[in-house]
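Notes for the structure review
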Amino acid sequence: QASAVFRADIVVIGAGQAGLSSAYHLGRLGLAAGRQFVVLDRNPTPGGAWQHRWPSLTLSTVNRVHDLPGMQFSEAVDTSAGEARASEAVPQYFASYERRYRLPIYRPVTVKVVCERFGRLRIETDHEAFSARGIINATGTWETPNVPVYPGSELFKGRQLHTRDYRTAEEFAGKHVVIVGGGISALQHLDEISKVVDTTWVTRSEPRFREGSFTPEDGRAAVALVEDRVRRGLIPGSVVSVTGIPLTPALQAARDRGALKRLPMFSEITEDGVRWPDGSEQKADVILWATGFRSSLDHLGPLGLREDNGGIVMTGRLATQVKKDPRIHLVGYGPSASTIGANRAGSAAARELATFLGLI
Ligand code: FAD
């Protein structure tokens, strides 16, 4: 039992794009930093999940990192010198941002569990406990990689890793790599690794490529679809499943090299590879699971926010408010799981929660 309990009106959990935007807007609404609201972040340093992204992910290979509200990226980071690693540039930007707006961030602090306590929310962490009247949860997805279970997985003598652990293609030199997944990360891995070694690419369904990049209309349509899902309490689903994968010049080149030859999902893993239902096999040294992430919400378990299907019914202007418990907002979840979405959702959540609690 922790001795000290810190009280605040609102605790923001997570200091990625979503948490920083929320904190900025709470400050703009006139709430006192450190007294009325605090931010708890598990990472030791600024940058949210960006600090963990693989080194070859640069500002030119990411989709796009939108500026946080009130400060441009270029004010903090000089990107003119060439390819800036996202894992360095974004943390640098976030660090400047946190300083400029004097955001009250405590780190590294991991929230273990949130529960109801005498009409308030008790937030247990690996340090002190906090007591709040409302929560903006902005914990992203990076902490909860999704790895599907296939028979024989424990027999495999090679290496299995997830996107989260991927660093560079060179570490697979001389090996055969099976890449699983049909999203943008899977394709980036495939592109890089297939230049170095032999690869096998498997996906559950036929990937849908699209010529050209996303238009703003595509983005809006995809977000509207995901928003509709969470308002109905369904699991959000991935945006790529709605928009298709843009066939960038890099992916076109990979296709021309023959690297985008896709196979259906294997049915089992063997000691030294993978096997399909028809008995055909592929020997492999590495299985790279580029199978995405789940929302990191386990610490909210005791609040019973989920429906039987595992989804959470969301409401509010941008669907950030949990219908069952209006004291809880989820930012960076569902329709706001992008840098631009997190910006907007942070604004909506800050205003709605502060209004609900009678703070403004
Ligand atoms: P995060 O950046 O993950 O921040 C969450 C923070 O919460 C972290 O600091 C974490 O430590 C903390 N946290 C988690 N659990 C706890 C806990 N229990 N207690 C305390 N703190 C906790 N989106 C785009 O818009 N453009 C892109 O180009 C783009 N590229 C991407 C590339 C990759 C490889 C991936 C995986 C995602 C990409 N995305 C991109 C989506 C991107 O993740 C989001 O847009 C955005 O960065 C997520 O911000 P966030 O604040 O929700 O989460």
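Just so we're clear, the structure is a prediction, and the values are computed from it rather than from any experiment. (Residues numbered from 1 in each chain as written. Predicted model: local features only at pLDDT ≥ 70, side-chain atom pairs only at ≥ 80, totals over all residues.)

**Details of helix α5 (residues 216–231)**
Under the 1.5 Å per step criterion, the end-to-end length of α5 is 22 Å for 16 residues, consistent within 8% with the ideal 22 Å. Within α5 the residues assigned to the buried category are Ala222, Val223, Val226 and Val230. Across the axial projection of α5, the buried residues extend over an arc of 95°, all falling on one side. Along α5, the residues that are exposed and aim more than 90 degrees away from the buried face are Glu217, Arg220 and Ala224. Gly233 sits one or two residues past α5 and shows a positive phi near 80°. (Helix = DSSP H or I, 4+ residues; strand = E, 2+ residues; numbered from the N terminus. Expected span 1.5 Å × (residues − 1). Buried ≥ 20, exposed ≤ 12 C-beta atoms within 10 Å, placed from the backbone. Arc of directions from axis to C-beta.)

**Brief notes about the site of the ligand**
Lining the immediate surroundings of the ligand are 33 residues, of which Gly14, Gly16, Gly48, Gly140 and Gly332 lie closest. Listed by contribution, the elements that provide at least two residues to the shell around the ligand are α1 (17–28) and α8 (339–356). Considering every element that reaches the shell around the ligand, the biggest residue donor is α1, with three residues. Among the residues forming the shell around the ligand, the class breakdown is twelve nonpolar, 16 polar and five charged. (Near = placed C-beta within 6 Å. Nonpolar A, V, L, I, M, F, W, Y, C, P; charged D, E, K, R; others polar.)

**As for the environment of Asp41**
Inspection of the secondary structure assignment puts Asp41 in the loop between β3 (37–40) and α2 (73–76). Separated by 70 residues in the primary sequence, Asp41 and Val111 place their C-alpha atoms 8.1 Å from one another. Residues in contact with Asp41, not counting those within four places in the same chain, are Gly14, Ala15, Gly19, Ile105, Arg107 and Val109. (Contact = placed C-beta atoms within 7 Å.)

**A short note on the pairing of strand β7 (residues 129–132)**
By the alternation rule, side chains of β7 split into Phe130 and Ala132, which are all buried, and Ala129 and Ser131, of which none is buried. Both strand β1 (residues 5–7) and β7 contribute to a ladder of three bridges, which runs parallel. Looking at the pairing, Arg7 lines up with Ser131 of β7. Where strand β6 (residues 120–125) and β7 come together, four bridges link them in antiparallel fashion. When the bridges of β7 are listed, Leu121 appears paired with Ala132. Counting the residues between successive antiparallel strands, the hairpin from β6 to β7 contains three residues. (Pairing = 2+ DSSP bridges.)

**Comments concerning the pairing of strand β11 (residues 199–203)**
Within a regular beta strand, the side chains point alternately toward one face of the sheet and then the other, so they alternate between its two faces. Relative to β11, strand β10 (residues 177–180) runs parallel, the two being bridged by four bridges. Residue pairing in the sheet places Ile179 in a bridge with Trp201 of β11. Taking the sense of rotation as the criterion, the β-α-β connection linking β10, helix α4 (residues 184–194) and β11 turns out right-handed. Here three bridges tie β11 to strand β14 (residues 262–264), and the two strands are oriented parallel to one another. Residue Thr203 lies in a different strand from β14, and its bridge partner there is Pro264. (Right-handed = clockwise from strand over helix to strand, strands pointing away.)

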